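Each chain is listed here by its residues.
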Amino acid sequence: MKISKFIFCFFFLFTFIQQTSSGQKFSIGIQAGGTASQYVIGDKFDRGAFSNQTKFGWQASGFIIFPLKDKYYCVIESGYSTRGRKILFNNDTWTNNASYSFIENNLLLRKSFPINLRKNIPSEFFVQVGPRISYWLGGKGIISSGGSYDYTLVFEKMPEEPSEPDFDKVYVVDYNKYLFGINFGFGLVAPIKRNTKLTSE
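My aim in this report is to walk through the structure given alongside it, one point at a time.

Rules and cut-offs
Residues numbered from 1 in each chain as written. Predicted model: local features only at pLDDT ≥ 70, side-chain atom pairs only at ≥ 80, totals over all residues. Heavy atoms only, no water. Helix = DSSP H or I, 4+ residues; strand = E, 2+ residues; numbered from the N terminus. Buried < 20%, exposed > 50% of the residue type's maximum accessible area, 1.4 Å probe, protein only. Polar contact = N/O pair within 3.5 Å; in protein donor to acceptor, adjacent residues only side chain to side chain. Core = buried A, V, L, I, M, F, W, Y, C linked by side-chain atoms within 4.5 Å. Contact = heavy atoms within 4.5 Å.

### Remarks on unusual backbone geometry
Then comes step 1: Even without being a glycine, N91 presents a positive backbone phi close to 60 degrees.
Then comes step 2: By secondary structure assignment, the location of N91 is in the loop between β6 (72-89) and β7 (94-118).
Then comes step 3: The exposed category is assigned to N91, whose relative accessible area is 76%.

Below is the structure:
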């Protein structure tokens, strides 16, 4: 099965804790949340033969935030994510449900705007944007139609004479493990106790 062109669209919802110690010039923390990927088929002929559904996954990472000036911040994130695609074909009677794993790295410029969620609860609304670099670790999937079978991605050319049956492998050629994109987000930061904040992004 070959699809000539595709675009992944990601939608993230993170909730995380960040810890800021007195006297420090930076904040650190962890974050986790869900992802949703939508596969876009570029070729007109392929669009008639394949359809797709939203593929859900998850992401977890650590981050560090450095304050700049005028409520601007530099945000560095690094972590792990799963995302993929869910393709239907043969008149939507067959499904290819694939999951891919990535190392994620983001460098973001954040701008914060002070607000008050409630009386005596000073909070911040923020927007951020910056480059994303992903490294493709691997993947696996399930093809199903009544019955099903599992497969694993292999980053190499298909052997002409495999030494053993390889029906459980999908060979990937002409690949690029480094993927580049733009990350845009917005969210809220609210205090929950001294030196600790809850952020929803």
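### Comments concerning the side chain of Q31
Then comes step 1: On the secondary structure map, Q31 appears in strand β3 (residues 27-39).
Then comes step 2: Q31 gets classed as buried once you look at its relative accessible area, which sits at 3%.
Then comes step 3: There is a polar contact of 2.8 Å between the side chain of Q31 and the side chain of S61.

### Comments concerning the nonpolar core
Taken as a class, soluble globular proteins show a tendency for nonpolar side chains to be buried jointly.
Then comes step 1: Counting residues in hydrophobic clusters, the biggest one holds nine residues: A98, Y100, F102, W136, I143, Y151, L153, F155 and V172.
Then comes step 2: For this core, the secondary structure elements donating two or more residues are β7, β8 (121-145) and β9 (147-154).
Then comes step 3: The greatest single-element share of this core, amounting to three residues, is contributed by β7.
Then comes step 4: Aside from chain neighbours lying at most four places away, what touches F102 is G79, Y80, S81, R83, S134, Y135, W136, L137 and L179.

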